[in-house]
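Working through the structure, step by step
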Amino acid sequence: MASISFVNTLLLLGAMLVLAGIFSSLIASRFGAPLLLVFLIIGMLAGEDGPGGLLFNDYQLAYLVGSLSLAVILFDGGLRTKLSSFRGVLVPSMLLATVGVVVTATLTGIAALYLLDLSLIEGLLVGSIVASTDAAAVFFLLRAGGLQLRRRVGSTLEIESATNDPAAVLMTVVLVELLLAGEGGPTWDVVGMLGRQALIGTTVGVAGGLAASWLLNKVELPAGLHPLFVVASAVLIFALTAVGGGSGFLAVYLAGLVLGNRPIRAFASITSFHDAATWLCQIAMFIVLGLLVTPSRLLEYAIPALLIAAWLIIFARPLAVWLCVLPFKYSRAETVFVSWVGLRGAVSIFLAAIPMLTGLPHAEVYFNVAFFVVLVSLVVQGWTINAAAKRLGLALPRKGAEVRRVELDLPGQLDYEMVGYPISADSAVLEHVAVPGWARLVLVIRENRVLNPTEAGPLRVGDYAYFLAPPWQVYRLDRLFATSAEAREADGELFGEFAINGNVALGVLTDIYGLTIPPEIRGTTIADLFDERFEEEPQTGDRLPLGEATLVVREVDGDRVVRAGLQLPEAAGAVGSPLLRKGVRRFLTPAVAWARRVQMALSQLSKRAWFGLSRSRETSQGPLSGDQQENR
Amino acid sequence: MDIEKLITPASIVANLRASSKKQALQELAKRAAEMTGLHERTVFDVLLERERLGTTGVGNGIAIPHGKLAGLDRLYGLFARLETPIDFDAIDEQPVDLIFLLLAPETAGADHLKALARVSRLLRDRTICEKLRGADRADALYAVLTQPSASHAA
């Protein structure tokens, strides 16, 4: 009886903590606080020094939760990374993820060595523990913050953060083993071990990803089982690699990458499941880590830890970044921003638990220092990330108009997905805007009747319109179904005041507006300018400064800009009145959106986890099989 | 940049008649010429020249034709509400019925840009446009354009 009530109490506590985490997202986004920090604080509050008073010292359990969560988060990171986004940033990102980590770890290690009075290897261990930027934190803050970064900066940061964890994990594990084996192991051992871990990790990861995608497409599973199959495979790949002496984290990331870039069935339901799973993992991981730490002990290390954090943020990371991107002509603003978004996160705290687990001397030092550094990084960097991006002129103000969208996964093919929108009285599509050619209207639901486009004629208020569209362009349709006021506002903000043809010479344009540009580019046309300045083909929304104003790509034909928006300086930089009004909305909208998203994620999670099993097979055969998801 | 500095009640046309973009620009050039003392043809040419770079029909029935002219002493604005909407080659391909013309002296520099941004922001305000479409006299239009709107309050 006693053990049953213990289990019940445990479930009660766990559920309460997760719910507290979910609801705190509302508060967090309203104040712009990094959500991960809030999760961490909830864990600390529930812990031994907080009002919760829970005594939790089970490093083994924490490590288990941490590994599992991290594996899922990394897998998800891989799954969502399109190889095409690697174009142009692969080399700098990879350098950052390898050389960058080593440089950061070494520099930080040297500081730790003096500040904490440790041996060289112990110092390096501190450095390695805090060396990696946290994929969870970076992805999360970049995406959830509603921040739209310029493509190159965003891709660099995401790929770096997703790929540098394995490097830091490797270094940490190797250093711990060195310390356990006694000082002074020969260095080539370290190199060999690193190599072996990376090699096994890569092999198992890629092979596992291929096998999983093959199985997924080959075997007929009930629809609800696809996501579970994928997540179980991910954990299997992780564990298998780790058991075989490889880097499980590297493997699981690569497996995700392989899976996410191959045609697989039920991709929409898999990603939406992973949305929920990743959320849950974040919450669980951070709360457990928050529980694990003893805040009163933390304070003992406050001063050296603070100095290490400052050194890391102000010196070590920027230097490492600067060295790595030096050959790639990143602008100063870009370099500064990449340095600033060196967010530390759960990985560091998790890594810091390893010495504790293995019973190394000074284990408590590592853990508390790492925890403190993460805390400082989340507060200082996490909180200022949006401001920094705007300050440095790297943010794209794409304001997502709030639209209800239904997405349907079409099994067996990946070039199209089906999306449905309700038509409301002020939808922009009713007013003026034409539906782009790549989106095909397939059916209209009007007054409970299903009509084909010919029968339906023009769309009317109250209709539900379903389109076939390439998944990567779907978001562009949203605009048409937003209220026209929203769409117009978003347009004006994004594309600037006036539309200018791509064949206009810059000199002619700048003369009219009194903009100053270097004389040698006066004869260059707008299209040529984008050609020259972008290594890849320009895309809608890409921006270039033009004197005091900004040019924004509006329309592209092939790889040439045919129309650009001219954004006048006052509108671009002013803290004018509409911006203030918008500021208020900017705080409220994400809060509401998040609440909905969390709610959706959880309902998806429970639906898939519990009812997916009982779904009948027939539903998965129809052309619009099952994976309906409502996005708001 | 206040709108009052750009327009006076005299620079409002409540019911402009035009059947094409060209005719509308000609009409506006004529009135601008009267106001500024410049030659009608000069103003028209500058406006036309600017339209060649890309339409100033910014969407939602609004156009903001503009240009720089030697011999102006300050920024001049001119607002016209068309009797019937016309095709203006606008970015959203919708007919235009509200036109704000802005002429700047050669030396205007940053003021020119500020004025344009201000006008463009003003006319992006949906409620203001509705009021403009609802008003039928020049003084009423002037009052709407220069009223301290909610979006301008801060």
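Residues numbered from 1 in each chain as written. Chains lettered and ligands numbered in written order. Predicted model: local features only at pLDDT ≥ 70, side-chain atom pairs only at ≥ 80, totals over all residues. Heavy atoms only, no water.

Before going further, it helps to examine the overall build of chain A. The secondary structure content of chain A amounts to 24 helices and 12 strands. Burial statistics for chain A: of 632 residues in total, 54% are counted as buried. In chain A, of all internal contacts separated by at least 6 residues, the share reaching a separation of at least 24 is 75%. If you sum the accessible surface of chain A, you get close to 26,700 Å²; carbon and sulfur atoms cover 65% of it. (Helix = DSSP H or I, 4+ residues; strand = E, 2+ residues; numbered from the N terminus. Buried < 20%, exposed > 50% of the residue type's maximum accessible area, 1.4 Å probe, protein only. Contact = heavy atoms within 4.5 Å. Areas by Shrake-Rupley, 256 points an atom, 1.4 Å probe, with all protein chains shown as cover.)

Take the overall build of chain B next. A tally of regular secondary structure across chain B gives 5 helices and 6 strands. For chain B, the sequential pattern of α-helices and β-strands runs β-α-α-β-β-β-β-β-α-α-α. Among the 154 residues that make up chain B, the fraction classed as buried is 56%. Counting contacts in chain B only where the partners sit at least 6 residues apart, residues at least 24 apart contribute 69% of the total. On chain B, roughly 6,500 Å² of surface is accessible, and the fraction owed to carbon and sulfur atoms is 48%.

We now examine helix H21 (residues 506–513) of chain A. An α-helix turns once every 3.6 residues. As a result, residues three or four positions apart point the same way. Within H21(A), 6 of the 8 residues are buried, leaving the element largely enclosed by the surrounding structure. Backbone geometry just downstream of H21(A) places A:Gly514 in the positive-phi region, at approximately 65 degrees.

A word on the sheet that holds strand E9 (residues 543–546) of chain A. All names here are of chain A. The 4 strands are arranged E8-E11-E10-E9 in an open sheet whose pairing can be described as antiparallel. Each of the sheet's edge strands pairs with one partner strand only, and the pair in question is strand E8 (498–501) and E9. Pairs of neighbouring strands in the sheet enclose a mean axial angle of 35 degrees, with direction left out of account. Both E9 and strand E10 (residues 549–557) contribute to a ladder of 4 bridges, which runs antiparallel. Following the sheet pairing, Arg-543 is matched in E10 by Val-552. Here helix H22 (residues 526–533) sits on the sheet and contacts E8, E9, E10 and strand E11 (560–567); the angle it forms with E11, its principal contact strand, is near 100 degrees. (Pairing = 2+ DSSP bridges. Axes fitted to C-alpha atoms, helices over the stretch in contact; angles between N-to-C directions.)

Further remarks concern the nonpolar core. One recurring pattern in soluble globular proteins: nonpolar side chains tend to sit buried together. Grouped together as the largest cluster of nonpolar side chains are 125 residues, with contacts concentrated most on A:Phe337, A:Phe367, A:Val369, A:Phe371 and A:Leu378. The element that contributes the greatest number of residues to this core is helix H16 (residues 363–391) of chain A, accounting for 15 residues. Within the second largest apolar cluster, 53 residues are counted, among which are A:Leu509, B:Leu98, B:Val119 and B:Leu145. (Core = buried A, V, L, I, M, F, W, Y, C linked by side-chain atoms within 4.5 Å.)

Here the focus is the environment of A:Trp322. Tracing the backbone through its elements, the reader meets A:Trp322 in helix H13 (residues 302–325). Taking the C-alpha atoms as reference, A:Trp322 lies 9.2 Å from A:Val338; in sequence the two are 16 residues apart.

With that settled, consider the side chain of A:Thr335. With respect to the helices, strands and loops of the structure, A:Thr335 is situated in helix H14 (residues 332–340). Beyond its immediate sequence surroundings of up to four residues, A:Thr335 is in contact with A:Val321, A:Trp322, A:Val325 and A:Tyr330.

A separate point is the side chain of A:His226. Residue and element names in this part refer to chain A. Relative to the elements of secondary structure, His-226 occurs in helix H9 (residues 225–243). Given a relative accessible area of 5%, His-226 falls into the buried group. Setting aside chain neighbours within four positions, we find His-226 in contact with Leu-216, Leu-221, Arg-265, Ala-266 and Ile-270.

Below, the discussion takes up the packing of helix H1 (residues 21–36) of chain B against helix H2 (residues 40–53) of chain B. All names here are of chain B. Two elements in contact, H1 and H2, have axes whose closest approach is 8 Å; the angle formed by their N-to-C orientations is 135 degrees. Taken together, H1 and H2 sit at an angle that is classed as oblique. The two elements H1 and H2 cross, and the hand of that crossing is right-handed. Together, Lys-21, Lys-22, Leu-25, Gln-26, Ala-29, Lys-30, Ala-32 and Ala-33 of H1 and Glu-40, Val-43, Phe-44, Leu-47, Leu-48 and Glu-51 of H2 make up the contact between the two elements. Partitioning the contact of H1 with H2 into residue classes produces 8 nonpolar, 1 polar and 5 charged. (Parallel < 35°, antiparallel > 145°, perpendicular 65-115°, else oblique. Left-handed = near helix turned anticlockwise from the far one by under 90°. Nonpolar A, V, L, I, M, F, W, Y, C, P; charged D, E, K, R; others polar.)

Here we come to the packing of aromatic side chains. What characterises a pair of aromatic rings is the spacing of the ring centres plus the angle enclosed by the ring planes. Under the definition given, this model contains 8 aromatic pairs over all chains. Between A:Phe238 and A:Phe249, the aromatic rings sit 4.9 Å apart at their centres with planes inclined by 55 degrees, giving tilted as the arrangement. Of the two residues, A:Phe238 sits in helix H9 while A:Phe249 sits in helix H10 (residues 248–260), which places them 11 residues apart along the sequence. With a relative accessible area of 6%, A:Phe249 lands in the buried category. With a centroid separation of 5.9 Å and 80 degrees between ring planes, the pair formed by A:Phe249 and A:Phe350 is classed as edge-to-face. Of the two residues, A:Phe249 is situated in helix H10 and A:Phe350 in helix H15 (residues 346–358); the sequence distance between them amounts to 101 residues. In this structure an aromatic cluster arises from ring pairing among A:Tyr63, A:Phe238, A:Phe249 and A:Phe350. Note that B:Arg74 overlies the ring of B:Tyr76, its terminal NZ or CZ placed 4.1 Å from the centroid. (Phe/Tyr/Trp six-rings, centres within 6.5 Å; stacked < 30°, edge-to-face > 60°. Lys NZ or Arg CZ within 6 Å of the ring centre and 35° of its normal.)

This next bit is on the pattern of salt bridges. Residues and elements named next belong to chain A. For the structure on display, the rule yields 14 salt bridges over all chains. Where Glu-160 meets Arg-317, a salt bridge forms, and the shortest distance between an N and an O atom there is 2.7 Å. One end of the pair, Glu-160, is in helix H7 (residues 151–180); the other, Arg-317, is in helix H13, with 157 residues separating them in the sequence. What makes Glu-160 buried here is its relative accessible area of 2%. A residue is classified by how much of its surface remains accessible, and Arg-317, at 4% relative accessible area, is buried. The closest approach of N and O atoms between Glu-300 and Arg-297, which form a salt bridge, is 3.0 Å. In this pair, Glu-300 and Arg-297 both sit in helix H12 (residues 295–300), 3 residues apart, roughly one turn of the helix. Several salt bridges share partner residues, and in doing so they unite Arg-297, Glu-300 and Glu-364 into one network. (Salt bridge = Lys/Arg side-chain N within 4 Å of Asp/Glu carboxyl O.)

Residues and elements named next belong to chain A. For the pair helix H4 (residues 90–115) and H13, the least separation of the axes is 9 Å and the interaxial angle reads 150 degrees. Read as a crossing pair, H4 and H13 show a hand that is right-handed. Class assignment of the residues belonging to the contact of H4 with H13 gives a composition of 21 nonpolar, 3 polar and 1 charged.

Structural measurements only, silent on function.
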